[in-house]
Amino acid sequence: MRDSSRHSTEQEKAPGYGIQIGYRTLSIRVEEKDLPSKAKQSTDPADAIASIDVHLISTEEVYTRYSCHPTVGLEEAAVQRRSKDGKNVISPPPTQHWKKILNYIFGGFNFLMWIAFVVTILSYKPLGGANPAVVNLGVAVLLMLVIIISATFYAFVDWNASRIMKSIKSLIAHEAAVIRDGKQQLIPATDIVVGDIVVLSTGDRIPADLRIVAASSDLRFDRSLLTGESDMVPGSLDATSDNALETRNLALTSTFVTQGTCNGIVFATGDRTIMGRLVKMSGETKFKLTTIQKEIWFFTKVISSVAFSMFGISLLLFGVWLRTTYVGYETISIAIMNSIGCLTAFVPQGLPLCVALSLTIIARRMSKRHVLVKNLATIETLGCMSVLCSDKTGTLTAGKMAVESIAFLDSHLLISEIDEKISEAPEPRFFAGLNALHHTARLCNGAKFDSATANLPIQERNVKGDPTDTALLRFSEALSIPALGINTPELLSSWRKLFEIPFNSKNKWMLSVVQETRTTEGDITERNSTAWILVKGAPDMLVKSCSTVMRSDGAIVPFDEASRQHMSDLQSNWSSEGQRVLALCRKPLDALKPNLSPNEMEELMYSEICNLTLVGLVGIRDPPRPDVPSSVVVIRRAGVRVFMVTGDFKLTAVAIARQVGIITQQSVDTIDDVKAAASEKHLTDKALSAMKPSEDDPIRALVLTGEDVSTLTPFDWHIVVGQYTEIVFARTTPDQKMKIVEEIKIRGDNTVAVTGDGVNDAPALKAADIGVAMGSGSDVAKEAAALILLNNDFASIPVAIEMGRLVFDNLKKVTLYLMPVGSYTEFMAVVSNVVFGMQIPLSSYLQVCFSITNDVVMSISLMYEKAEADLMMRKPRNARTDRLTDWKLFFQIYLFLGLMAWPCAMSMWFVYMDQQGLGFSDVFFAYNKWNNTPYHGYSSDQLANFVNVGQCIYYVTMVFMQYGNLLAIRNRRVSLLQSNPLWGPRKNIAVPIGMVATALIAITNLYGPGLQRVFLTSPIPGMFWGPPFAFGLGILCVDEIRKLIVRTYPKSIIAKMAW
């Protein structure tokens, strides 16, 4: 734009809209009409992007093309007409439903079920001979039903989880500030239309494709979502490339303003934006496995490989050994059916269902807490969290800042007592300094009131701006002292803003250049007066640039050492009370050259940051969120270290850290202590993964500044991460925050979570294993985070940690429940048949039925288990070394629970056979002798009936023995007496319901007439219904003894082997 020193003040003429830096453009009203444009309609997205030319025309032509006015924007009638083009929403990429359906049908363990189905059909015909066994066809039908039900369940759970997540995402209200009818308004981003003038500031997500028509000199964009590159891209008013994707005078939808402010005219919305067209070209997004999904997929591959191998070995043994050595022992059809047990025995069919179900349960629970989880499986990663790095402002504190104190060189007073102090003074002029302080606080301010709430009381109005500016805006707007000439409306009408450098986290100050104007017969002209530089920011950054200081009466005196010490002590006192302290400074600017470009003006301003006058200090109170202290206690009890990482002053940060419980020690170490410890180099022999405080180490606290962080060596970081439990990082920049996260991640096998709400937190949120943003935070932070706390509820973090741990705990319990009986005991039945020549004690039908009905029903009840009492007192799980299935779990499966289960079931088989006059030696190693009837005086039909009844006894024993197994694995260490499923804190009605359901399934299998006829099931003698319950009770009691030993002797070998 031309004449940047004069382009200013449409905003000050009509307060409440515009941005901090105005630019004067055409001041004529252009009526809407059809105007030529280069772009031609094209169905090809690439051609449409290539045809964009809005960046190549002048700003005046942009206003003309889109029929909008630079200060009035669009009128309501124009908005209504243009809204017919549709909502400003990018359509999601089309879902390839056929891929999803194939995954439902063949995914998980279903592909093994398909193999079993095909082989079973072959065993019926043609391998079944002239009179194929109907049971084979029945098993095939059952397997097909399993596949259909599993696929339907997967589809339902996927649909339900998507529906819940969609409803949660709808709670995020993306808003945009636009100028319409001469007023700045906040509207839903979906209601933006072409021609709207959008007002953007630091941290905003760009809601549509914009042509920039006004910008601050430090304007920067984050286009990583579009380009994949993390470097900030400068903004400009003029085209820098013919390519719309490369030029810097376009702000593209779904990118972010990371620095500065700008105004832009919307030239494309929704699917017509560049991002919308790229989405259309790119098609469906790629699926990425999460931590828990990788664990399940790894387990699935291992189990499937073992199952398929055992199936092959079983058939191989039949082909090369049994068929030739024991002629007539089995037909190929029977051998195949018996070998199918290997496939069904090893497949924990309930596990994928439980994983899917757990995600649905989590989605429902998190939606009730208004927590947006971008990927539900991220919750499990939260359970691994070992370090939480939290921002202070807006995260640990409420973000509702209010000015509490002001101070001049010779006096300081609370806001509540200003009127009283002035009335008590002999003359109001004794507080004339308030005029300069009000002038600086109001005009050097990046926040704006929403014009839609202008009729409300000041404290209730909506404000667009960061919390610090908002506090100063409310304070200065409310300050009215006629005796001193302090009147905000008059101030705004008589001063105009020439230039501005917005606050950024590196400078830690904001600068405005203002000049007074005068009104003559309704015309605003520039008074021939001095321009002023107004600066506000961190005292430690600005005080060193001040040469004079103001007293409360407005007198300016030299800023000598005594005065500096006095102001420094005051800042320290306020900071120690938890107040954020700002310095307000100013300086007259006599020689302001006209026609300077924004960059030249910025360079000039940086050179002028010297010989300032310190007007005064302002103390701002931002109270901690009420839920934070109790949440920090819970998080720390869970073994998670909580660090504060903030850009605030060291003493303020430490004071807030003490208030919320991050620092509990009286003595707090500094960089000098770290350097002294690092000089000993005693940690050099320690592996990086072992660098974390042990349980026996004393709790030590540390505070470091950003300047300290930049000087830390790798040895220093070993000390910081390896020895300190309580750490505050103060005065940090975004780059330093990211470095802190990265250094913590590479030591101690830490899983690092970061909470934040500002633009300066975004790099750290991206670098973390889990980013957590506040719902009230900037769009940049919310985009970078994996979790968004929509209600700004910090207490949701420990709940999410608990849920993450609970998911992993319950899936481990499901695995432990399914394998000893549903896998191990079934497999031993197949082994006894193939290797030891015994009639198979569990038919292929009962194997399949047990795996896909009894086991699944009972295992689902485990997903509704509540957290164990000690869940949030355990150490965090190491995501890199602690697997879902480890040697401890396999020991529990195969050498403890399983070693009790299968001998019990097998003994019932032998007891029944013994009652029929067939001893152990008659059944074991029988091979083809069994078919040489009469065998011990029994016909083939009688022997077949004995086998059918024995198989049902084996099945019933497994069913009711699982009761004890289920009750045993509900708790890892706590006794059942303290956690029964019927009442109390661990109440889980799904457990008794599952027990009743599995009993009914067993009764149906044994007494269903159709099932008896097709699958050869049979009622069993009454005496065989009781022992399984005793076996289950025995398993439960033995495991209770194991838990008692673990609790009593936590250092014993049994405790070390405990899962």
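So, how was this worked out
Residues numbered from 1 in each chain as written. Predicted model: local features only at pLDDT ≥ 70, side-chain atom pairs only at ≥ 80, totals over all residues. Heavy atoms only, no water. Phe/Tyr/Trp six-rings, centres within 6.5 Å; stacked < 30°, edge-to-face > 60°. Helix = DSSP H or I, 4+ residues; strand = E, 2+ residues; numbered from the N terminus. Buried < 20%, exposed > 50% of the residue type's maximum accessible area, 1.4 Å probe, protein only. Lys NZ or Arg CZ within 6 Å of the ring centre and 35° of its normal. Salt bridge = Lys/Arg side-chain N within 4 Å of Asp/Glu carboxyl O. UniProt positions renumbered as here; feature names shortened; annotations may be inferred. Patch = residues over 30% accessible without salt bridge, like charges linked within 9 Å, V, L, I, M, F, W, Y side chains within 5 Å. Areas by Shrake-Rupley, 256 points an atom, 1.4 Å probe, with all protein chains shown as cover. Lys, Arg positive; Asp, Glu negative; His and termini not counted. Charge placed at Lys NZ, Arg CZ, Asp CG, Glu CD. Pairing = 2+ DSSP bridges.

Participant: Looking at this structure, how should I read the packing of aromatic side chains?
Facilitator: Here a ring pair, both rings aromatic, is described through the centre-centre distance and the interplanar angle of the planes. Under the defined criterion, the tally for this structure stands at 28 aromatic pairs. Ring plane angle 70° and centroid distance 6.5 Å describe the contact between Phe 643 and Phe 729, whose orientation is recorded as edge-to-face. In this pair, Phe 643 sits in strand E24 (residues 641-645) while Phe 729 sits in strand E27 (residues 726-730), placing the two residues 86 residues apart along the sequence. A relative accessible area of 1% means that Phe 729 is categorised as buried. An aromatic cluster is built from Trp 321, Tyr 326, Tyr 329, Phe 836, Phe 910, Phe 920, Phe 924, Phe 925 and Tyr 927, whose rings are joined through pairwise contacts. The cationic tip of Arg 461 hangs over the ring face of Phe 449; the distance from NZ or CZ to the ring centre is 5.0 Å. Sitting over the ring of Phe 808, Arg 877 keeps its end group 3.7 Å from the ring centre.

Participant: Just checking my understanding: could you explain unusual backbone geometry for this structure?
Facilitator: The general pattern is negative phi for most residues beyond glycine and trans for most peptide bonds. Phi at Tyr 927 takes a positive value of approximately 50°, unusual for a residue other than glycine. The topology assignment puts Tyr 927 in the loop between helix H33 (920-923) and helix H34 (940-969). Tyr 927 sits in the buried class, given a relative accessible area of 5%. A positive phi angle is found at Leu 1016, which is not glycine, with a value near 60°. Structurally, Leu 1016 is set in the loop between helix H36 (1009-1015) and helix H37 (1027-1048). We classify Leu 1016 as partly exposed; its relative accessible area is 41%.

Participant: Would you take a moment to explain the pattern of salt bridges for this structure?
Facilitator: Opposite charge on two side chains allows them to pair when their charged atoms are near. The tally for this structure, following the rule as stated, stands at 36 salt bridges. Of the charged contacts in the structure, one is a salt bridge between Arg 636 and Glu 726, with a shortest N-O distance of 2.8 Å. Taken together, the residues Arg 636 in helix H22 (residues 628-637) and Glu 726 in strand E27 connect sequence positions 90 residues apart. What makes Glu 726 buried here is its relative accessible area of 0%.

Participant: Sorry, what's going on with the UniProt feature "transmembrane region" (unreviewed entry) in the chain here?
Facilitator: According to UniProt, the "transmembrane region" (unreviewed entry) feature falls on residues 101-122, 134-157, 296-322, 334-362, 889-912, 946-968, 989-1008 and 1020-1038. As annotated, residues 296-322 comprises 100% helix and 0% strand, and the C-alpha atoms at either end are separated by 37 Å.

Participant: Explanation requested: a positive patch on the surface in the structure shown.
Facilitator: Together, Arg 364, Arg 365, Lys 368, Lys 866 and Lys 987 make up a region of like positive charge exposed at the surface. Take Arg 365: it is sitting in helix H12 (residues 350-368).

Participant: Looking at this model, I keep getting lost on the sheet that holds strand E2 (residues 183-188). Mind explaining?
Facilitator: Where strands meet in a sheet, backbone hydrogen bonds hold them as pairs that are either parallel or antiparallel. Judged by pairing direction, the sheet is antiparallel, and its six strands sit side by side in the order E2-E1-E3-E9-E4-E7 without closing on themselves. Taken across any chain shown, the strands that pair with only one partner, and hence form the sheet edges, are E2 and strand E7 (250-251). Pairing geometry for strand E1 (residues 175-180) and E2, over six bridges, is antiparallel. Each bridged residue has a counterpart across the sheet, and for Glu 175 the counterpart in E2 is Pro 188.

Participant: What am I meant to see in the sheet that holds strand E11 (residues 387-390) here?
Facilitator: Within the open sheet, the nine strands sit side by side as E10-E30-E29-E28-E11-E24-E27-E26-E25. Their pairing is mixed. What marks the edges here is a single partner per strand, and that holds for strand E10 (371-373) and strand E25 (668-669). With three bridges connecting them, strand E29 (residues 770-774) and strand E30 (residues 787-789) associate as parallel partners. Residue Val 772 lies in a different strand from E30, and its bridge partner there is Leu 787.

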